[in-house]
Amino acid sequence: MTRLSIITTRTGDQGTTGLADGTRLSKASTRIAALGDADELNCHIGLIRTNNLPSDIDNLLSRIQHDLFDLGAELCLPGHKAIHDEDIKALEEAIEHYNASLGKLEEFILPGGSLAAAQTHIARAICRRAERFVVALELEEEESARINPQIKQYLNRLSDLLFVLARAINKAAGTKDVFWNKQA
């Protein structure tokens, strides 16, 4: 089955874009911003995966990329549900698993360390932005078009996991986390 045969449609030349149900929205709408952030996050996770990562982390990030594609589908097709409680539970289990091998945090961490960890921190920040746009979207949508509440939960857990993974990636690379120093 061919999903896309024509890439340039010119239908967005006037500043609108189409949802999967045929609805056209301004490219400046909150829904499109949330959808764009989910796509940007997925792209950054793809970039992280180009690094030499431990295979378990790479496999986890692969699953997350598929989840984010599903999350984008939900945002593109109001009423469609693809993110479920078990997806959130999987993130929580991964947080617990990777955090268990990390040392106790006694200071704030700055983004950095290895290249892959720094990229993971960028993904974490994009994830937080996507979450903010989803919250804003939920506040402005009518009750009938409300988004699946699991999307907010998924993004919230994912940003936590990305923080933990940045630390785990640094540890696997033999690189120390960069700690905030208020004296600096």
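The structure displayed is predicted, hence computed values, not measured ones.

Caption draft 1: Just the confidence of the model for the chain, in detail. On average, residues of the chain score 89 in pLDDT, and 90% of them reach the 70 mark or higher. Of all helices and strands in the chain, the one with the weakest mean pLDDT is strand β1 (residues 16–18) (73), whereas helix α3 (residues 85–99) scores best (97).

Caption draft 2: Structural context of helix α5 (residues 149–173). With 25 residues, α5 extends 36 Å from end C-alpha to end C-alpha; this agrees with the ideal 36 Å at 1.5 Å per step. Capping the start of α5, Asn148 holds a side-chain oxygen 2.9 Å from the backbone nitrogen of Gln150, two or three residues further along. At the exit of α5 stands Gly174, carrying a positive phi of roughly 75°.

Caption draft 3: Fine view of the nonpolar core. Among the nonpolar cores identified, the biggest contains 40 residues, and Leu41, Ile64 and Leu158 are the most heavily contacted of them. Secondary-structure elements contributing two or more residues to this core are α1 (30–48), α2 (55–76), α3, α4 (115–140) and α5. With residues up to four places along the chain from it excluded, the contact list for Leu158 reads Leu41, Ile64, Leu68, Leu91 and Cys127.

Caption draft 4: Structural detail: the packing of α1 against α4. Viewed as axis vectors pointing N to C, α1 and α4 meet at an angle of 165°, and their least axial separation amounts to 8 Å. As judged from the angle between their axes, α1 and α4 are roughly antiparallel. As for how α1 packs across α4, the hand of that crossing is left-handed. A breakdown of the residues in the contact of α1 with α4 according to their chemical character gives 17 nonpolar, 4 polar and 5 charged.

Caption draft 5: Focus on the packing of aromatic side chains. Scanning the model with the defined rule gives 1 aromatic pair in all. Ring centres of Phe108 and Trp180 lie 5.9 Å apart, and the angle between their planes is 70°; on these two criteria the pair is classed as edge-to-face. A residue pair is termed long-range when its members are at least 10 positions apart, and Phe108 in the loop between α3 and β3 (109–110) and Trp180 in the segment after β4 (178–179) qualify at 72 residues. With a relative accessible area of 37%, Trp180 lands in the partly exposed category.

Definitions and cut-offs
- Residues numbered from 1 in each chain as written.
- Predicted model: local features only at pLDDT ≥ 70, side-chain atom pairs only at ≥ 80, totals over all residues.
- Heavy atoms only, no water.
- pLDDT = per-residue confidence, 0-100.
- Helix = DSSP H or I, 4+ residues; strand = E, 2+ residues; numbered from the N terminus.
- Expected span 1.5 Å × (residues − 1).
- Polar contact = N/O pair within 3.5 Å; in protein donor to acceptor, adjacent residues only side chain to side chain.
- Core = buried A, V, L, I, M, F, W, Y, C linked by side-chain atoms within 4.5 Å.
- Buried < 20%, exposed > 50% of the residue type's maximum accessible area, 1.4 Å probe, protein only.
- Contact = heavy atoms within 4.5 Å.
- Axes fitted to C-alpha atoms, helices over the stretch in contact; angles between N-to-C directions.
- Parallel < 35°, antiparallel > 145°, perpendicular 65-115°, else oblique.
- Left-handed = near helix turned anticlockwise from the far one by under 90°.
- Nonpolar A, V, L, I, M, F, W, Y, C, P; charged D, E, K, R; others polar.
- Phe/Tyr/Trp six-rings, centres within 6.5 Å; stacked < 30°, edge-to-face > 60°.

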